[in-house]
Protein chains: 2
Amino acid sequence: MSAILKAHIEKLLQHSFTDHEAIEQFFVPITLAKKQNLLTEGAICRANYFVLQGCLRMFFINEKGVEQTVQFALEHWWLADYTSFATQSPSSFYIQAVEPTQALSLTYSAQEELLQTHPQLERYFRLVHQRAHAAAQFRIMVLYGYSREALYHHFVRRYPEFVQRIPQYLLASFLGFTPEYLSELRGRSGS
Amino acid sequence: MSAILKAHIEKLLQHSFTDHEAIEQFFVPITLAKKQNLLTEGAICRANYFVLQGCLRMFFINEKGVEQTVQFALEHWWLADYTSFATQSPSSFYIQAVEPTQALSLTYSAQEELLQTHPQLERYFRLVHQRAHAAAQFRIMVLYGYSREALYHHFVRRYPEFVQRIPQYLLASFLGFTPEYLSELRGRSGS
């Protein structure tokens, strides 16, 4: 069992789950090169991905043909297109590795079987989704509520590591900036 | 036990949960007048709300002093500020009734006790949050990806009932329009 996933389950379930060895078989370790795709538009999101090392992003291609990132996942985050995953229907999104990445893949049927055989993990996934839902509420507030400059400073304060690690053109796209505007802001704030 | 919540639990758990009478005590029915607040900025979001009839919205007041809606909840939807709820810390949001509304209130401690005594409901809340997470991913795509006119037509197609029921000035604010622009769009499309 991956020590990183084990630690995450123990943290969220406060050490009430101990059957880690028995669930190892449900997860498939995967290694991705930089820019390798896990999901492409029109395909079915077959699995839920847990990042062990590296970074994934989910994006779509907008009306102008430009890639628009909607979500990043660093270590300890789960990522999937949950509409496509839950209904096993075609996705509107891409999932791609931002840097060389190691992850665990939990297919839809493996997740169903895991939760049937180990229903204590429903609480783990409930908490994972509740946190992601909370983050999305906050994200929507930030998208609506801040000027572009305030949005950048907000991210630098709240996610300093994230801002350091993500390539600048992806950070710019995530925040809805041009790369030139981002570089101007960074120059201005001396970061 | 509310027939509406019972039906929702049965739908998501495929009739595997039958203990409806035993859980009734955890939920408190509430009745709200139009524009009555359930939560105000700076207060703690004490409960998770399930709409039986009517409509709730969650909003914040932006830098310009304008109310900006981030989420609506019609019948069968749960709504809370899940950051404030999970940590029982002050909220950045308001929750208000859009129209006269009946809801069930499940306080944080009642939810914890409910899930400890009836752990089968972890699956119910996992599915509720997974769906809300999926809806938020889609919402973020829509916010980034559509022109303002395409966004309006998208909502009319996908949520016709919603567009009919929500006051036009709130729909405009939700979509990031002025009420004048929305009325122009409606005139143009004959709806």
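Every value quoted in this text rests on a predicted model; they were computed, and no experiment measured them.

Novice: Account for the confidence of the model for chain A, naming residues and giving values.
Specialist: Mean pLDDT over chain A works out to 90, with 97% of the residues at or above the 70 mark. The complex model carries a pTM of 0.88, and its ipTM stands at 0.87.

Novice: Please provide a residue-by-residue account of the interface of chain B and chain A, values included.
Specialist: How big an interface is tends to be reported as the loss of accessible area on association of its parts. Across the boundary between the two partners, chain B contributes 41 residues, which contact 42 residues of chain A. When chain B packs against chain A, close to 3,600 Å² is buried across both sides, 59% of that on carbon and sulfur atoms. For the interface between chain B and chain A, the tally reads 6 salt bridges. For A:E122, the salt bridge identified is with B:R123, shortest N-O distance 2.7 Å. Taken together, chain B and chain A are joined by 16 residue pairs in polar contact (both at pLDDT 80 or more). Contributions of two or more residues to the side of chain B that touches chain A are made by β4 (56–61), β5 (67–73), α3 (82–87), α4 (108–117), α5 (121–145) and α8 (168–175) of chain B.

Novice: Got a sec to walk through the relation of the copies chain B and chain A? Specific residues and values, please.
Specialist: Once turned by 180° and shifted 0.0 Å along the axis, chain B lies on chain A with an RMSD of 0.0 Å. On this basis, the relationship between the two copies can be described by a two-fold rotation axis. Considering only C-alpha atoms, the residue of chain B closest to the rotation axis is B:R126, which sits at 1.9 Å.

Novice: Give a detailed account of helix α1 (residues 3–13) of chain B, specifying residues and quantitative values.
Specialist: All names here are of chain B. What α1 keeps buried is the set L5, H8, I9, L12 and L13. Relative to the axis of α1, the buried residues are bounded by an arc of 115° and lie together on one face. α1 presents A3 and K11 as exposed residues on the side facing more than 90 degrees away from its buried surface. Regarding α1, its N-cap is S2, as a side-chain oxygen of that residue lies 3.1 Å from the backbone nitrogen of I4 further along. Two residues or fewer after α1 comes Q14, characterised by a positive phi angle close to 50°.

Novice: With reference to specific residues and values, describe the pattern of salt bridges.
Specialist: Applying the stated rule across the entire model yields 14 salt bridges over all chains. The residue A:E112 makes a salt bridge to B:R123 at a minimum N-O spacing of 3.4 Å. On the criterion of chain membership, the pair formed by A:E112 in helix α4 (residues 108–117) and B:R123 in helix α5 is interchain, its members lying in two chains. With a closest N to O distance of 2.8 Å, A:R126 and B:E122 form a salt bridge. Of the two residues, A:R126 is situated in helix α5 (residues 121–145) and B:E122 in helix α5; the pairing between them involves two chains.

The rules we used
- Residues numbered from 1 in each chain as written.
- Chains lettered and ligands numbered in written order.
- Predicted model: local features only at pLDDT ≥ 70, side-chain atom pairs only at ≥ 80, totals over all residues.
- Heavy atoms only, no water.
- pLDDT = per-residue confidence, 0-100.
- Contact = heavy atoms within 4.5 Å.
- Buried area = accessible area lost by both parts, 1.4 Å probe.
- Salt bridge = Lys/Arg side-chain N within 4 Å of Asp/Glu carboxyl O.
- Polar contact = N/O pair within 3.5 Å; in protein donor to acceptor, adjacent residues only side chain to side chain.
- Helix = DSSP H or I, 4+ residues; strand = E, 2+ residues; numbered from the N terminus.
- Least-squares fit on C-alpha atoms with pLDDT ≥ 70 in both.
- Buried < 20%, exposed > 50% of the residue type's maximum accessible area, 1.4 Å probe, protein only.
- Arc of directions from axis to C-beta.

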